[in-house]
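Residues per chain are reported as follows:
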Amino acid sequence: MSINSKILLLGSSGFIGFNLARYLCSKGFYVVGLSRSLPKFSLPSSFHYRHICADIENLQAFHDEFLDCSLVIDCAYSPIEDKNASKSPNPDVLSASKYLAYCLQAAADNNVKKYIYLSSGGAVYGHQLNKFNHKEDDFCSPISKYGYSKLICENVCNYFDRLSSMDVFIVRLSLIHI
């Protein structure tokens, strides 16, 4: 991937997204950040960065932002309640997986080559006694809606990886500190 490549960073106003945007820009990449809110901090004006505030309930509004991207990094978590899913035991899970599926499809439609989904190691593995270092194939036992949501989204990523020409990667982050 060349330095002039466009990287679309979903969830760019959160802690991980903002710091990742700063790092990528400092390395010379052109980053388009997309989130529901403005970042709490600003990046130097010398960085090649553009931020877009978009309501994820209006997914069509940012479909074209996937155009000409060489890479999408998804650090967004979208626990918006689907107004039509009131009978669901877990609308957070449904809204997050719906949002992710839309983003993966938009990326595939716009010929994005690589999509990286940031998941959560601690949330998907849950509490496992005497187990601090996990292997990728360890049993997952989420203990929260967030963990279940992330695990279901990982399965959505695996589905798209098998069925599209886009490479989809899952990174399970854990113990992120300042």
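The rules we used
Residues numbered from 1 in each chain as written. Predicted model: local features only at pLDDT ≥ 70, side-chain atom pairs only at ≥ 80, totals over all residues. Heavy atoms only, no water. Buried < 20%, exposed > 50% of the residue type's maximum accessible area, 1.4 Å probe, protein only. Helix = DSSP H or I, 4+ residues; strand = E, 2+ residues; numbered from the N terminus. Pairing = 2+ DSSP bridges. Right-handed = clockwise from strand over helix to strand, strands pointing away. Expected span 1.5 Å × (residues − 1). Arc of directions from axis to C-beta. Contact = heavy atoms within 4.5 Å. Patch = residues over 30% accessible without salt bridge, like charges linked within 9 Å, V, L, I, M, F, W, Y side chains within 5 Å. Areas by Shrake-Rupley, 256 points an atom, 1.4 Å probe, with all protein chains shown as cover. Salt bridge = Lys/Arg side-chain N within 4 Å of Asp/Glu carboxyl O. Core = buried A, V, L, I, M, F, W, Y, C linked by side-chain atoms within 4.5 Å.

Quick notes on the pairing of strand 2 (residues 30-35)
- Summarising burial for strand 2: five of the six residues are buried, a large majority.
- For strand 1 (residues 6-10) and strand 2, the ladder comprises five bridges, and the chain directions are parallel. Note on strand 2: the bridge partner recorded for Ile7 is Val31.
- Viewed along the sheet, the connection from strand 1 through helix 1 (residues 15-26) into strand 2 turns out right-handed.

Considerations on helix 1
- For helix 1, spanning 12 residues, the distance from its first C-alpha to its last is 17 Å, which sits close to the expected 16 Å at 1.5 Å a residue.
- Regarding helix 1, the residues found buried are Gly17, Phe18, Ala21, Leu24 and Cys25. Down the axis of helix 1, the smallest arc covering the buried residues is 130 degrees, so these residues share one side.
- Tucked into the core, helix 1 has its buried residues touching strand 1, strand 2, strand 3 (49-53) and strand 4 (69-74).
- Taken from the residues just after helix 1, Gly28 is the one with a positive phi, measuring 95 degrees.

Thoughts on a nonpolar patch on the surface
- On the surface, Phe15, Ile16 and Ile176 cluster together to form a nonpolar patch covering roughly 240 Å² of accessible area.
- With respect to the element layout, Ile176 can be found in the segment after strand 6 (167-173).
- By relative accessible area, Ile176 is classed as partly exposed at 41%.

Here's the deal with the nonpolar core
- Counting residues in each nonpolar core, the largest one holds 27 residues, and the members touching the most others are Leu8, Leu10, Phe66, Val72, Leu100, Leu104 and Tyr115.
- Of all the elements in the fold, those that place two or more residues in this core are strand 1, strand 2, strand 4, helix 2 (91-109), strand 5 (114-120) and helix 4 (145-163).
- Ile7, Leu9, Phe29 and Leu43 belong to the second-largest nonpolar core, a separate cluster that totals 14 residues.

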